[in-house]
Amino acid sequence: MSVYETEIGALRGGPAELHRYRDKALLIVNVASRCGLTPQYEGLERLHERYAARGFSVLGVPCNQFMGQEPGTAEEIAEFCSATYGVSFPMTEKIEVNGDGRHPLYAALVGTADADGHTGDIRWNFEKFLVAPGGEVVARFPPQTEPEAPEILTAVEKALPDA
């Protein structure tokens, strides 16, 4: 099953309708509001703004599986992201990315290796997956990799539909 065929709710209710991104490049990131890496929201927003007109989007996926660092309700998460970091990119409902309750979206992502060869379980908040138009997962980046790191910018440029 393609990432774009996966059913997942939007943070503010209703379906996230991932099929709308089928012809775009998409950076999927498991996010948390109370993590040392939370300031990455700023870089994710800049990345989203920089490439949105060229067929790109960031998709934030809240997850509370790492030391309870995303305990908020959907409303609290949305308010925090908007007020603190000016987040405008789409966000999904809070899900599990590891274990028996792993959401099908992440089941479709975790087989992709990062540059060090890591596949499988998500290691921490802010692990990033780049999905090319059509649904192929083309890159995985560790949580500590900043959203505007050269390797992410290069991969995004290469994955853009007009590239």
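First things first, this report covers the structure right here in the doc.

Calculation notes
- Residues numbered from 1 in each chain as written.
- Predicted model: local features only at pLDDT ≥ 70, side-chain atom pairs only at ≥ 80, totals over all residues.
- Heavy atoms only, no water.
- Phe/Tyr/Trp six-rings, centres within 6.5 Å; stacked < 30°, edge-to-face > 60°.
- Helix = DSSP H or I, 4+ residues; strand = E, 2+ residues; numbered from the N terminus.
- Buried < 20%, exposed > 50% of the residue type's maximum accessible area, 1.4 Å probe, protein only.
- Arc of directions from axis to C-beta.
- Contact = heavy atoms within 4.5 Å.
- Pairing = 2+ DSSP bridges.
- Axes fitted to C-alpha atoms, helices over the stretch in contact; angles between N-to-C directions.
- 1 Å grid on protein atoms, 1.4 Å probe; cavity = no way out; pocket = protein on both sides within 12 Å on 5 of 7 lines; lining within 4 Å.
- Points joined across faces, edges and corners; volume = space filled by probe spheres on them.
- Nonpolar A, V, L, I, M, F, W, Y, C, P; charged D, E, K, R; others polar.

**Some thoughts on the packing of aromatic side chains**
- Throughout the structure, instances matching the rule amount to seven aromatic pairs.
- Summarising the aromatic geometry, the rings of Y41 and F89 are spaced 6.4 Å apart at their centres and angled 20 degrees between planes, so their arrangement reads as stacked. Within this pair, whereas Y41 is found in helix α1 (residues 40-51), its partner F89 is found in the loop between α2 (74-85) and α3 (104-109), the two being separated by 48 residues in sequence.
- When the ring of Y41 is compared with that of F126, the centres are 5.6 Å apart and the planes differ by 90 degrees; the resulting orientation is edge-to-face. Taken as a pair, Y41 in helix α1 and F126 in the loop between α3 and β3 (128-131) lie far apart in primary sequence, 85 residues in all. Neither residue differs from the other here; Y41 and F126 are each classed as buried.
- A network of ring pairs unites the aromatic residues Y41, F80, Y85, F89 and F126 as a single cluster.

**Comments concerning unusual backbone geometry**
- With a phi angle near 50 degrees, E17 is a residue other than glycine that sits in the positive phi range.
- As for its position among the elements, E17 is in the segment before β1 (25-31).
- Residue classification places E17 among the partly exposed positions, given a relative accessible area of 36%.
- One non-glycine residue, F126, adopts positive backbone phi at about 75 degrees.
- The buried category is assigned to F126, whose relative accessible area is 0%.

**Quick look at helix α4 (residues 150-159)**
- Burial in α4 covers these residues: I152, L153, A155, V156 and A159. The buried residues of α4 all sit within an arc of 165 degrees when viewed along its axis, so they share a single face. Opposite the buried face of α4, by more than 90 degrees, sit the exposed residues P150, T154 and K158.
- If you follow the buried residues of α4, they end up packed against β1, α1, β2 (56-62), β3 and β4 (137-141).

**Regarding the pairing of β1**
- Most of β1 is tucked away, with seven of its seven residues classed as buried.
- Taking every second residue as pointing to the same face, both faces of β1 are buried, with A25, L27, V29 and V31 on one and L26, I28 and N30 on the other.
- Here β1 runs beside β2; their pairing, made up of seven bridges, is parallel. In the strand pairing of β2, L26 is matched with S57.
- Bridge count between β1 and β3: four bridges; the pairing is antiparallel. Bridge assignment links L27 to a residue of β3, and that residue is L130.

**Some remarks on the sheet that holds β4**
- What the four strands build is an open sheet, ordered β2-β1-β3-β4; its pairing is mixed. Of all strands in the sheet, those bounded by a partner on one side alone are β2 and β4. Put simply, the sheet's adjacent strands are angled 20 degrees from each other on average, direction ignored.
- Contacting β1, β2, β3 and β4, α4 crosses the sheet at an angle of about 20 degrees to β3.

**Considering the layout of surface pockets**
- By volume, the largest pocket amounts to about 200 Å³.
- Taken together, 16 residues make up the lining of the largest pocket; nearest its centre are L11, R12, F89, P90 and M91.
- Top element by residues in the lining of the largest pocket is α2. It accounts for three residues.
- A class-by-class count of the residues in the lining of the largest pocket yields 11 nonpolar, three polar and two charged.

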